[in-house]
Amino acid sequence: MFAGETLENIPVPMSESPLPDFIIAGPQKCATTWLYECLYEHPDVLLPETDSVHYFDMKYHRDEEWYRQHFSEYDGETLVGEETPTYIRKQQAPKRISDMLPDVKVIFTLRNPMDRAFSHYWHEKSKDKISFEFYEILENYDLFQNWVEPGFYYQHLKRYEEYFSADQIKVLFFDDLVEDDRAYLQEVYSFLEIDNYTPSVLDEKVNQGKFRDINKQWVYNQFANAFKTYAPNEAVEAVRPLHTHTRELLASKNEYEKGMNEQVRKRLEAVFADEMRHLSEYTGRDLDHWFQTRSL
């Protein structure tokens, strides 16, 4: 022991860093990040700084030491966990997780798969990461894999069931979070067997997409007011038609607010119908309200 060090402040060696007791396994756009943020604040839980470690899918070529370094800040917390929302759909993930963490608990939170796909698409498009139209997820297999297949929840859960017992798997529903976020979080605490805690993010229902649009409109208004104040009258009058058109565009609904094209939804509902019927039977949950153009 070096001068000034105590048993309490000696860093935990990487090889002795703990491995997760639980994993939030997805899927994307089902409030997994919200749940990560809630548990990140819990004093009895250690989560890594990143909310997507990706060890059991994209980074599996890295060694165990690399994975353990994400939990090197361990300081005696009751539980250690991680959240990677793509684990649910990675074919090899259940076995890989089971091989390293046979006693781990796995949490899934499920959302109407049509809405999940559209939310995921719009989230990426709003950041200019993609340029295709939403209907193309039903025309291109690579897009189908990334936007539709994550919603085949029953298939994914059955894969995990091969490697984990029923008391290790928790299936939650996004609908319940919307209805009562406190009760939803309490269900998670009960499953993980930790004390209740009220995180600062509880009750926050911020529509980030809408906020982005409001922010753009505010910035534009500031610029327009400054231009009107300092520019010559001739210049102000010359750009007035463009100014009017721009304000109308900013004030109009974005693609997400307008909602999914009805024909595309109808096609997606046909794709998901059998899968959701199996999921309903598997969970004992009535999911008929997820469908607008047909019944289960």
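What counts, and at which threshold
Residues numbered from 1 in each chain as written. Predicted model: local features only at pLDDT ≥ 70, side-chain atom pairs only at ≥ 80, totals over all residues. Heavy atoms only, no water. Helix = DSSP H or I, 4+ residues; strand = E, 2+ residues; numbered from the N terminus. Buried < 20%, exposed > 50% of the residue type's maximum accessible area, 1.4 Å probe, protein only. Contact = heavy atoms within 4.5 Å. Salt bridge = Lys/Arg side-chain N within 4 Å of Asp/Glu carboxyl O. Arc of directions from axis to C-beta. Core = buried A, V, L, I, M, F, W, Y, C linked by side-chain atoms within 4.5 Å.

**What about the side chain of His156?**
When you line up the elements, His156 lands in helix H6 (residues 153–161). With a relative accessible area of 5%, His156 lands in the buried category. Apart from residues lying up to four places away in sequence, His156 is in contact with Ile88, Arg89, Glu149 and Pro150.

**Concerning the pattern of salt bridges**
A complete count under the given rule lists 10 salt bridges for this structure. Glu64 is the salt-bridge partner of Arg68, the closest N and O atoms lying 2.8 Å from each other. Here Glu64 and Arg68 lie together in helix H2 (residues 64–68), a separation of four residues that amounts to about one turn. Arg68 gets classed as buried once you look at its relative accessible area, which sits at 16%.

**Considering H6**
All of the buried residues along H6 are Tyr153, His156, Leu157, Arg159 and Tyr160. Taken end-on, H6 shows its buried residues confined to a sector of 155 degrees, consistent with a single buried face. At its buried positions, H6 is contacted by helix H3 (93–100), strand S4 (105–110), helix H4 (113–126), strand S5 (169–173) and helix H12 (262–283).

**A closer look at H3**
Within H3 the residues assigned to the buried category are Ala93, Pro94, Arg96, Ile97 and Ser98. Where the residues of H3 are buried, they touch strand S1 (22–24) and H6.

**Some thoughts on the nonpolar core**
Core analysis: the largest hydrophobic core is formed by 52 residues, its most contacted members being Tyr67, Ile97, Tyr160 and Leu268. The set of elements that each furnish at least two residues to this core consists of H2, H3, S4, H4, helix H5 (141–147), H6, S5 and H12. Element by element, the count of residues in this core is highest for H12, at six residues. Counting residues in each nonpolar core, the second largest holds 24 residues, with Val45, Leu177, Tyr189 and Val201 among its members.

**With respect to the environment of Leu35**
Assignment of secondary structure puts Leu35 in helix H1 (residues 32–41). Overall, Leu35 belongs to the buried group, its relative accessible area being 1%. The spacing of Leu35 and Tyr184 is 149 residues in sequence and 9.8 Å in space, taken between C-alpha atoms. Setting aside chain neighbours within four positions, we find Leu35 in contact with Ile24, Ile107, Leu185 and Val188.

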